[in-house]
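# Report on the structure
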Amino acid sequence: MTNLATCTIGFIGAGRMATALAKGIVAAGVVEPERIIACDVSASAAESFSQTTGGRIAGDAAAVCEAADVLVLAVKPQHMEAVLDTLAGRIRDDQLVVTIAAGIPMARYLQRLGEGVRLVRVMPNTPCLVGASASAFTVGGSAGEQDARLVQRMLESVGAAGRVPEDLMDAVTGLSGSGPAYVYVFIEALSDAGVRVGLPRDIATRLAAQTVFGAAKMVLETGQHPAALKDAVASPGGTTIAGLEALERSGLRTAAYEAVRAATQRSIELGRGERH
Ligand SMILES: NC(=O)c1ccc[n+]([C@@H]2O[C@H](COP(=O)([O-])OP(=O)(O)OC[C@H]3O[C@@H](n4cnc5c(N)ncnc54)[C@H](OP(=O)(O)O)[C@@H]3O)[C@@H](O)[C@H]2O)c1
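The following refers to the structure shown.

## Concerning the nonpolar core
Ranked by internal contacts, the top residues of the largest apolar core, which has 35 residues, are Ile9, Phe11, Leu21, Val72 and Val120. Breaking this core down by element, the ones donating at least two residues are β1 (9–12), α1 (16–27), β2 (36–39), β4 (70–73), β5 (96–99), β6 (118–123), β7 (133–141) and α6 (145–156). With six residues, the single largest contributor to this core is α1. If near-sequence neighbours (up to four positions away) are discounted, isoleucine 9 is found in contact with Leu4, Ile25, Val31, Arg35, Ile36, Ile37, Val70, Val72 and Met154. Within the second largest apolar cluster, 25 residues are counted, among which are Ala68, Leu84, Tyr109 and Leu113.

Here you go:
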């Protein structure tokens, strides 16, 4: 199984992330919609998945497992045990299992499905819904290089993806998994600040969001260090350096350290089963 185009991709859980992934894979021409199959306990989620992606709907997880070459587990973490109950003893050697559930370590899947299962654990983020995800993945069980390449290709159809060792998955969760929320708060704050200095709300929000988008694009496309790009905007005695001075005084950098550290720690706690 080296060619995604000839794989049947099965999704257990056909919610938001499964729909976004399947839609991205189909839109990128990586897989034909006939090769997508999914199931969901919610009939409306299944219906919406099918309409959005063109994929087929199966009656239950066992049927998806039977049909799939690549089996994507896309239920919420609290529903994963029930799914693993169904899948235990059913996974074939020729199948690749991909889980996108936050927080559950690979050892848990291997314990339930067998140590020899080919397993990839993925941490995507919600911009997956608009084809701009930042995902990290880690490879375990009997999964090899070809499996890693296949998952990388799948994830790149909805954004950027990179491989990390499993012990970095909590840090990935703290940075890119939770990160969209930090950036939304920053955009909202910029918008509020724009309104404070007299801009109409709709203009302020659009300018704020486009500024974040443009700056991110500059970092990604020029390959320049963010500090060099920042220096290029800040002319001596100008407006930007005055703004930067105020940002530094307000502790923006420290706030970023604290946010990523707190979310990483929370991911570690959730992985240990500490729910509160
Ligand atoms: N959204 C994110 O930001 C994000 C980021 C990274 C990773 N993830 C991970 O992605 C996974 C899916 O998240 P999501 O936001 O797509 O969730 P979602 O929209 O709630 O989709 C999950 C779907 O699975 C269904 N389901 C529950 N138990 C099932 C079972 N036994 N068999 C089949 N279907 C079942 C749910 O139905 P009901 O609603 O009726 O329970 C729901 O329709 C989660 O594990 C999450 O940790 C999400």
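## Describing the site of the ligand
Residues in contact with the ligand amount to 20 residues; listed here are only the nearest, Met17, Asp40, Val75, Ala102 and Thr126. The contact in question runs from an oxygen atom of the ligand to an N or O atom on the side chain of aspartate 40, over 2.8 Å. Broken down by class, the residue content of the shell around the ligand amounts to 12 nonpolar, five polar and three charged.

## Details of the packing of helix α7 (residues 169–177) against helix α12 (residues 252–271)
Where α7 meets α12, the axes come as close as 8 Å, and the angle between the chain directions of the two elements is 135°. Taken together, the axes of α7 and α12 lie oblique to each other. Viewed along their axes, α7 and α12 form a crossing whose handedness is right-handed. Together, Asp170, Ala171, Thr173, Gly174 and Leu175 of α7 and Val260, Ala263, Thr264, Ser267 and Ile268 of α12 make up the contact between the two elements. Here the residues of the contact of α7 with α12 sort into five nonpolar, four polar and one charged.

## Some remarks on the pairing of β1
Residues Ile9 and Phe11 point to one face of β1 and Gly10 and Ile12 to the other, with burial holding for every one of them. Pairing geometry for β1 and β2, over four bridges, is parallel. The residue of β2 that forms the bridge with isoleucine 12 is cysteine 39. Regarding topology, α1 serves as the crossover connection from β1 to the parallel β2, and that connection is right-handed. Where β1 meets β4, four bridges bridge the pair, whose relative direction is parallel.

Conventions adopted
- Residues numbered from 1 in each chain as written.
- Predicted model: local features only at pLDDT ≥ 70, side-chain atom pairs only at ≥ 80, totals over all residues.
- Heavy atoms only, no water.
- Core = buried A, V, L, I, M, F, W, Y, C linked by side-chain atoms within 4.5 Å.
- Buried < 20%, exposed > 50% of the residue type's maximum accessible area, 1.4 Å probe, protein only.
- Helix = DSSP H or I, 4+ residues; strand = E, 2+ residues; numbered from the N terminus.
- Contact = heavy atoms within 4.5 Å.
- Near = heavy atom within 4 Å.
- Polar contact = N/O pair within 3.5 Å; in protein donor to acceptor, adjacent residues only side chain to side chain.
- Nonpolar A, V, L, I, M, F, W, Y, C, P; charged D, E, K, R; others polar.
- Axes fitted to C-alpha atoms, helices over the stretch in contact; angles between N-to-C directions.
- Parallel < 35°, antiparallel > 145°, perpendicular 65-115°, else oblique.
- Left-handed = near helix turned anticlockwise from the far one by under 90°.
- Pairing = 2+ DSSP bridges.
- Right-handed = clockwise from strand over helix to strand, strands pointing away.

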